[in-house]
Amino acid sequence: MMQQYEEVRRQLPPNSLLLFRLGDFYEMFDEDARIGAQVLGITLTQRNGQPMAGIPYHAADTYIQRALAAGRKVAICDQVETPRPGQLVKRSLTRILTPGTALEDHQLDSRRHQYLLALDFPGKRGGLAAAWLDLSTSDFAVAHESGPDALLSAMTSLDPREILVPEGAPAAWREAGVDAHWLEALEPLLTGRTVSDLPGFHFDAPDGARAVMEALGVLNLEGFGLPKDHPGLGPAGALLAYATETLRERPENISRVRVYRAAETLLIDPATQRNLEIFRSSANTREGSLLAAMDRAVTAPGSRLLESYLAAPPLDLDTVCGRQQCVGELLEAPAVAGELQDYLRCVRDIPRILSRLRNRLRNPRELGAIRDTLQQLPALRETLAAFDGPALAALAGRIGEFADLRQLLEKSLHEDLPNQLQEGGYIADGHDDELDRLRSLTRDSKQWIAQLEAEEAARTGIKKLRIRFNNAFGYFFEITKANLHLVPDDYIRKQTTVNSERFYTPALKEKEKEILHADEKAVAREERLFRDIVDQVLEQADALEATAAALAELDLFIGWAVLAREWDYCRPELDESDTLEVEAGRHPVVEQTMRAERMKGLPGEHDFVPNDTTLSSGGEQVAIITGPNMAGKSTYIRQVALITLMAQVGCWVPAKRCRVGLVDRIFSRVGASDELARGNSTFMVEMNETANILNNATDRSLIILDEIGRGTSTYDGLSIAWAVVEHIHGAGGAGPRTLFATHYHELTQIDRQLKRVRNFCVAVKEWNDRIIFVRQVVPGAADRSYGIQVARLAGLPATVIDRAKAILAKLEGEDSSHNLLRLRMKERKERAARGEPDDSQLKLF
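Quick caveat: nothing in here was measured; it's all calculated off a predicted structure. (Residues numbered from 1 in each chain as written. Predicted model: local features only at pLDDT ≥ 70, side-chain atom pairs only at ≥ 80, totals over all residues. Heavy atoms only, no water.)

Of all residues in the chain, 94% attain a pLDDT of 70 or more, and the chain-wide mean is 90. Low confidence marks residues 840-845, where pLDDT is under 50. Its contacts with residues over four positions away, or in another chain, come to 13 contacts. (pLDDT = per-residue confidence, 0-100. Contact = heavy atoms within 4.5 Å.)

Here it is in structure tokens:
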């Protein structure tokens, strides 16, 4: 048996745990046992000096999930034949589970994709090549860009569970001359995720093209818009090789591949995804993110579709407007939309079920889930027919009926189904005459056994006589030792145990053969029928997937209609202009959080104050926003970015009116963080993110900047902030639409030099040396930050507050260039209040 173990162990990578089936347990040995005990929280034991650790077979799923969550790979070596006494059972490696290739339902988050990503820097074509595959849904894509920045946005939003790289990477990439900046940009993506390396030949593009064609069953890739020499085919081949290794067979659920093109989507760099809390909140949870705030889907595919939409917002107006139209049509008929949503609650996760069936992971409940889904389709199609709009009519046309398949599943399956084939009893009575006959034989025989037990108890006078069964000895009479004197002469002793003895008779053995033969034939017949039904389901798998995709869209759009109705959202107008106009806009996440806190009776503000925004690349391009700490500057600039993103994925938005000229990229520099492990201070992180913005923004981009330059001295910070605004404004007639929040009130004077800059401030009210936040953004500039008042609100001791006031008064009285500038600003404000003209030019230096 240990020879079997060692032979399998040699086939596996060193960072995997081998679970070796021994009866009712999975055992680990040697180093696997030591690591497994620590990772899984189980007891480490020894036998003859050999470390061992085991988990019960029936509880393996829980422990496997724990290992995967820890980034470990788990290899399963199963018994592949029925154990026989005195013989070594045959075992085989049946599956290697990794974080990126898990398929079983309990190993997946139903609302999230499960991407496996492969990437490489191909030498001949240069740039970055990548491919990603969600084995659980068969979503498969390839990409190639000249630099990593554009692809990094997409790869980060995918949040891959596992990443494949060539052996030796990233050191091998560095030796091959890949730009150090590119490798540094990739480092955050690789950090904290499971990274697996493969031999470099797996990333060869020609071999990858052959592997992809073989997986798709095609002679060329032209029908997918993919040339044979696309650099992304190298990583795609690596994905397929890895999936084949872990499944132990080629994946059978891949039927299409798509080409990702960064130029066709709104790009959101990793820092902005984090700063805007699009997919995860600052607490690194789904709750509190934009994704959670927008998700009203009632099915898992609907939630995953939202994740995909946010990861790649389209730049095509027709696509966006088509989504908006569906939401609008559903919004006009809330009762009917609610009825549709009720039907959708009974729809199961068809894409993942089909992926498991195609990859030979099959159980009766999966077929039951398909049956339950198909039963909802007639009512869904009929209800959708009540809508007159063209958008929903087109969606309804994509939903199949599958009447024959539904009838087959209804007729052939029991209502309540077991989770394992071995449990039997899943094929309904009346579906197959031969199975019914075999079951009848089994039932009759078991009745005979029960009757024999009663008769023998009466004949022998042994009231506790029982007929038992096990795989080793079959059927036998079990008689306690206290009753052995009553055993008749025709009983033949079989085995002695601690408290009883076991006997049999020739008649019992004859009936045993009859029962077991009928049982075996019934089990074999039922499994054969099950495979036939699965084959008939898979014959229509492509059509079922198409219907599932349409149902996911319907679910998502109904959820958006519910969201729009509940929160009074408007339909944004999208066009090719350079305008961004928002009337009475609100932060989609903060608004929901405030209402939730009010419902819980928590103290604080509970009504969100809406604000307007007007930006234009060639007009009011840059808005400088000043105001006290905690007044709401950061919330305001973030809400503008989130409204823009929501509009461009096709959702309605939290505003009274909204117009968005298509945005190609959203950039942000907000918040404070450091990267000490990479040797970067808070200020260095801020400058890196600012450099990325200034080097990549276009006139169609949207930029939000918060407190640029605050991580260094006042003069250095102000100088950098001033120069950044000048760069964004540019010397031409247009530039990226920008919101710039700052405490450098001197910066508000820049509007006198740059014609497309406007000043705004967040209004506050003063009372008894205290401030009241009104959260309203109004034209004009603030001349104070009220930092000491905010410090009082935070609970600083009164002695500290009083001392801070005294120091502030002294500093403001000093004759420094900083204060002279502030005096000029004050004089300018006073002249404006008196209505006097101010033609003087600001001289900062």
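Moving on, there is more to tell.
On to helix H25 (residues 714-729), then. Look at H25: 22 Å from first C-alpha to last across 16 residues, which is about the 22 Å you get at 1.5 Å a residue. The complete set of buried residues in H25 reads Gly 717, Leu 718, Ala 721, Trp 722, Val 724, Val 725, Ile 728 and His 729. Summarising the axial view, the buried residues of H25 lie within an arc of 160°, below the 170-degree limit, and thus occupy one face. Following H25 by one or two positions, Gly 730 has its phi on the positive side, about 70°. (Helix = DSSP H or I, 4+ residues; strand = E, 2+ residues; numbered from the N terminus. Expected span 1.5 Å × (residues − 1). Buried < 20%, exposed > 50% of the residue type's maximum accessible area, 1.4 Å probe, protein only. Arc of directions from axis to C-beta.)

Moving on: the pairing of strand E14 (residues 466-470). Pairing geometry for E14 and strand E15 (residues 474-480), over 5 bridges, is antiparallel. Looking across to E15, one finds that Phe 469 is bridged to Tyr 475. Count of turn residues in the E14/E15 antiparallel hairpin: 3 residues. (Pairing = 2+ DSSP bridges.)

Attention now moves to the nonpolar core. In terms of nonpolar packing, the biggest core is built from 113 residues, with Leu 310, Ile 370 and Trp 560 touching the most fellow members. The greatest single-element share of this core, amounting to 15 residues, is contributed by helix H21 (residues 541-567). What Leu 310 contacts, discounting residues up to four positions off in sequence, is Ile 278, Phe 279, Leu 290, Leu 291, Met 294, Leu 645 and Val 649. Counting 29 residues, the second-largest nonpolar core is a separate cluster that includes Ala 131, Leu 135, Phe 203 and Leu 216. (Core = buried A, V, L, I, M, F, W, Y, C linked by side-chain atoms within 4.5 Å.)

The geometry of helix H7 (residues 205-216) relative to helix H8 (residues 233-247) is characterised by a closest axis approach of 7 Å and an angle of 55° between their N-to-C directions. The angle between the axes of H7 and H8 places the two elements in the oblique class. H8 is crossed by H7, and the crossing has left-handed handedness. Contacts between H7 and H8 involve Ala 205, Gly 208, Ala 209, Ala 211, Val 212 and Ala 215 from the first element and Leu 233, Gly 234, Ala 236, Gly 237 and Leu 240 from the second. Looking at the contact of H7 with H8 residue by residue, the class counts come to 8 nonpolar, 3 polar and no charged. (Axes fitted to C-alpha atoms, helices over the stretch in contact; angles between N-to-C directions. Parallel < 35°, antiparallel > 145°, perpendicular 65-115°, else oblique. Left-handed = near helix turned anticlockwise from the far one by under 90°. Nonpolar A, V, L, I, M, F, W, Y, C, P; charged D, E, K, R; others polar.)

So, about the packing of aromatic side chains. Counted according to the given criterion, the structure contains 13 aromatic pairs. Geometrically, the ring pair formed by Tyr 5 and Phe 20 is edge-to-face, given 5.5 Å between the ring centres and 85° between the ring planes. Taken together, the residues span a long stretch of sequence, with Tyr 5 in helix H1 (residues 2-9) and Phe 20 in strand E1 (residues 16-22) at a distance of 15 residues. As far as burial versus exposure is concerned, Tyr 5 and Phe 20 are alike and both buried. Each ring, one from Tyr 309 and one from Trp 560, has its centre 6.3 Å from the other, and the planes form 50°; the classification is tilted. Taken together, the positions of Tyr 309 in helix H11 (residues 300-311) and Trp 560 in helix H21 put the pair 251 residues apart, joining distant regions of the chain. Judged on exposure class, the residue Tyr 309 and its partner Trp 560 are both buried. Within the aromatic cluster, the residues linked to one another by ring pairs are Tyr 5, Phe 20 and Phe 29. It is Arg 21 that lies over the ring of Tyr 57; its NZ or CZ is 3.6 Å from the centre. Sitting over the face of the ring of Trp 448, Lys 511 holds its NZ or CZ atom 5.2 Å from the ring centroid. (Phe/Tyr/Trp six-rings, centres within 6.5 Å; stacked < 30°, edge-to-face > 60°. Lys NZ or Arg CZ within 6 Å of the ring centre and 35° of its normal.)

Right, let's get into the sheet that holds strand E27 (residues 770-779). Strand order in the open sheet formed by 7 strands is E13-E23-E24-E25-E21-E26-E27, with mixed pairing between adjacent strands. With one partner strand each, in any of the chains shown, strand E13 (267-268) and E27 form the two edges of the open sheet. Against the sheet, helix H24 (residues 682-696) contacts strand E23 (665-669) and strand E24 (702-706), and its axis sits at roughly 155° relative to E23.

Summary: where empty space remains is shown by rolling a probe the size of a single water molecule over the atoms. For the coordinates displayed, the defined rule picks out 4 cavities of 30 Å³ or more. Surrounding the largest cavity, 13 residues form its lining, Ser 153, Ser 157, Ile 268, Gln 273 and Ala 311 being those nearest its centre. Those elements that place two or more of their residues in the lining of the largest cavity are helix H4 (148-158), E13 and H11. Looking at the lining of the largest cavity, the element that brings in the most residues is H4, giving 3 residues. (1 Å grid on protein atoms, 1.4 Å probe; cavity = no way out; pocket = protein on both sides within 12 Å on 5 of 7 lines; lining within 4 Å. Points joined across faces, edges and corners; volume = space filled by probe spheres on them.)

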